[in-house]
Amino acid sequence: LDKVLGVLPSQPLQNYAYKNLGGLNFKKTMDEWGLKEKSFSNGSAYADLDNDGDLDLIVNNINEKAFIYRNNSEKIADGNYLRIALSDSGNSTVFGTKVTLYAEGEQQFLEHTNVRGIYSTSEPILHFGVGDRSVVDSIIVQWPNNTVTSLRNIGTGQRLELNMAQGIQPNTTNDLTVSSLYNDITHKAGIDFEHQENVFDDYKYQVLLPHKMSQFGPAMAKGDLNNDGLEDVFLGGATGFAASLYMADKSGGFVKKAGDIWDKDAAYEDVAALFVDVNGDGFQDIYVVSGGNEFKVNDPHYIDRLYINDGAGRFSKGAILGMDRSSGSSVVAADYDMDGDMDLVVMGRHVPHHYPLPATSMFLRNENGQLVNRTKEVAPGFKELGMVTDAVWSDHDNDGDLDLIVVGEWMPITIFNNENGELKKQNISDLQATTGWWYSVGQGDFDQDGDMDFVVGNIGLNYKYKTSPEKPFDIYFNDFDNNGNYDIVLGYYNGEKHYPLRGFSCSSEQIPGLKDKIQKYDIFASLEIDEVYGKENLDRSLHYKADTFASSYVENLGNGNFKVRELPNLAQLSSINDMVIKDFDADGHQDVLVVGNLFVSEIETPRNDAGTGVLLMGDGNGNFTPKEQRESGIFANRDAKGVLSITVGQNEWILVANNNDKLQVFQKVP
């Protein structure tokens, strides 16, 4: 055994420490704090060992003495503390007690538990750092027996002793009551829709896909289909599941409308939908985008569908002339040519089984009630435009005609300018370094200067993948082993070195020749990307580089100039797949509700699931402040793909469409 262990690599490592800078920003500070030793550490705990009001650190090590680090924070002039020891006269457990400290508009929260992993137990005292404050405004203690202790104007620099026997029963007027803008009414809303995803293995066709391409539904759209003044809702199905249409009634409820037409088209994957009056008869029709990854390139199941509404609750299939068989993502409508009817742009999401090849988007002109593919004439730049996810019509230059802002995966924020009826791709310097994994775009005059600004949803800054213009996350696409199948190679930087993202096992599954070429895992781990795949091969590949993964606010400065800046960190916790832009609190400023998540990451990457829906309150100057979830009342922590605001009677509802899950419904509090 000793002989075997002797040949195994053994490398002690420095432990990590991060200083909280506020706003969900952290800084690596091991050296600054004096934690420089390298070791095989397997546990740590903290306690005020010398009773000086700060937390000392104990680190346990394998086959070595434990480290004890004395904390010298008491020597910092603007540092102060408040320590709270919890107990119960009846010796009941006080673990799980929640303590919130309020001071000068800020708050801290701690839940009482002393366990820190399976090997570590810290002191059973709650420790708050309070800066230079000599007094905190209040402390709210929520005990495990559902009683509450409230304290006000508490001096700092002391240890408080609190007993659960002192708690009182809360009431509706105490400090725990927080009014929210919305309430969750999913269980009683009357729209009992649950999206069901079909089983499909995307990785059978492309082993190294960064995420599945077959789970971007459900489609969701709203509109008044029968002109009764009420908003109806369409919800699409995955392959093998029929779509659902819910008609609003006068009582404030919804009735699911049966229809053979939905059942007949259940084989299609519905990824986006739009209510739009195509034939000009005064009744809104339904356009449904077909997408997914289940079928081969050019399969008829990628043909979009147009359902013509006769106004009496009956639908028939309408023709779309020259329609491409493309796996799409979304659709937007506008009277682009100002002839009194609605024209459509349909975004191409991807080329099935050929990620990341650029897909072609389509311009459908409405010619006397007939949709005709006029992409070549009106928007030739749509050919192989990219992996487009969303777009918005906007007169960004205030010249009186509609332009198109387009975003997508491995794409920069792109603007097509309307030049005498032709959509021409613009080269805008302010937007050149914006290539990202964009999923959504919305517009509003957020700085109230008379032109449209934009909010653009990206993958976020909380994902495993990181990028910057200097050290980009990138992708190569080529037939590296000349077997007739194109391969995916993802790259990332560690320091100044450029490595393959995926490991030896799955990389050699895609290209078996790597096993003979490299043979050992440790050798593969040491090689940079060009050493594995060859510089010449990489140079011949389709190559994309990401500049940013931050969801962003794009300020329109006028004259073709833009300023891009990151949204607040609470909006960076996950991907932003959709948004609602409106004045939520009636203060005269545009706000943004964003939802997202990406549950279908490849197996080596944790899924993007930290999003719970964030309401960003605008101040009229282009700045946004996130509203706490308990204040917004919206908690959308599922694989959210769409969000809508609809009016139901005298109430406003927010609908959140989740992949492979229930539709969520939130109602505005009067």
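Parameters and conventions
Note on numbering: residues in each chain are counted from 1, in written sequence order. With pLDDT at 70 or above as the cut-off, local features in this predicted model cover only qualifying residues; side-chain atom pairs require 80 or more to be listed or tallied, and sums for whole chains, interfaces and linings still use all residues. Note: side-chain values were computed over all heavy atoms of the structure, leaving out hydrogens and water. Aromatic pairs are defined between Phe, Tyr and Trp rings, using the six-membered ring for Trp, whenever the two ring centres lie within 6.5 Å; interplanar angles under 30 degrees are classed as stacked, those over 60 as edge-to-face, and all others as tilted. Criterion for a charge above a ring: Arg CZ or Lys NZ at most 6 Å from the ring centre, at most 35 degrees from the ring normal. Pairing between two strands is assigned when DSSP locates at least 2 bridges connecting them. Numbering goes from the N terminus for both helices and strands, where a helix is a DSSP run of H or I of at least four residues and a strand is a run of E of at least two. As a rule, the C-alpha atoms of each element are fitted with a line to give its axis, helices using only the stretch in contact, and angles between N-to-C directions run from 0 to 180 degrees. The set of buried Ala, Val, Leu, Ile, Met, Phe, Trp, Tyr and Cys residues whose side-chain atoms join them within 4.5 Å is what this entry labels a nonpolar core. Throughout, exposure labels follow a simple rule: accessible area from a 1.4 Å probe, protein chains only, divided by the maximum for the residue type, with under 20% read as buried, over 50% as exposed, and the rest as partly exposed. Where each domain begins and ends is defined by an automated method or by a domain database.

Asks: Please clarify how the packing of aromatic side chains should be interpreted in this entry.
Replies: Aromatic ring pairs: the centre-centre distance and the angle between the two ring planes describe each pair. This model, assessed by the stated rule, comprises 29 aromatic pairs. Sitting over the face of the ring of F584, K582 holds its NZ or CZ atom 5.6 Å from the ring centroid. The lysine or arginine in question, R607, covers the ring of F599, its NZ or CZ lying 3.8 Å from the ring centre.

Asks: Would you mind going over the sheet that holds strand β37 (residues 487-494) with me for this structure?
Replies: The strands making up a sheet associate through backbone hydrogen bonding, with each pair oriented either parallel or antiparallel. Reading across the sheet, the four strands line up as β38-β37-β36-β39 and stay open at both edges, with antiparallel pairing between neighbours. Taken across any chain shown, the strands that pair with only one partner, and hence form the sheet edges, are β38 (497-500) and β39 (542-545). Taking the axes of each pair of neighbouring strands and ignoring which way they run, one obtains an average angle of 25 degrees across the sheet. Across four bridges, the pairing between β37 and β38 is antiparallel. Its bridge partner being in β38, G491 is matched across the sheet by P500.

Asks: Mind showing me how you'd approach the nonpolar core here?
Replies: Across soluble globular proteins, nonpolar side chains have a tendency to be buried as a group. With 24 residues, the main nonpolar core has Y355, W410, W437, F473 and I488 as its most contacted residues. Sorting the residues of this core by element identifies β36 (474-478) and β37 as the ones contributing at least two each. Per-domain counts for this core show at least three residues from each of domain 3 (183-466 + 547-668) and domain 4 (473-546). Ranked by size, the runner-up nonpolar core spans 19 residues in total, among them F193, A248, L663 and V665.

Asks: In this structure, what is going on with the domain arrangement of the chain? I would like to understand it.
Replies: Interfaces are often sized by the accessible area lost when the parts come together. Each assigned domain of the chain is listed here: domain 1 (1-76), domain 2 (78-171), domain 3 (183-466 + 547-668) and domain 4 (473-546). Inter-centroid distance (C-alpha atoms) of domain 1 to domain 3 is 47 Å.

Asks: Can you walk me through the sheet that holds strand β12 (residues 135-142) in this structure?
Replies: Across the sheet, which stays open at both edges, the four strands sit in the order β10-β9-β12-β13 with antiparallel pairing between neighbours. The open sheet has two free edges, formed respectively by β10 (106-111) and β13 (148-155), since each of these has just one partner strand. Across the sheet, the mean angle from the axis of one strand to that of its neighbour is 15 degrees, orientation sign disregarded. When strand β9 (residues 98-103) meets β10, the two strands line up antiparallel, connected through six bridges. Bridge assignment links L101 to a residue of β10, and that residue is Q108.

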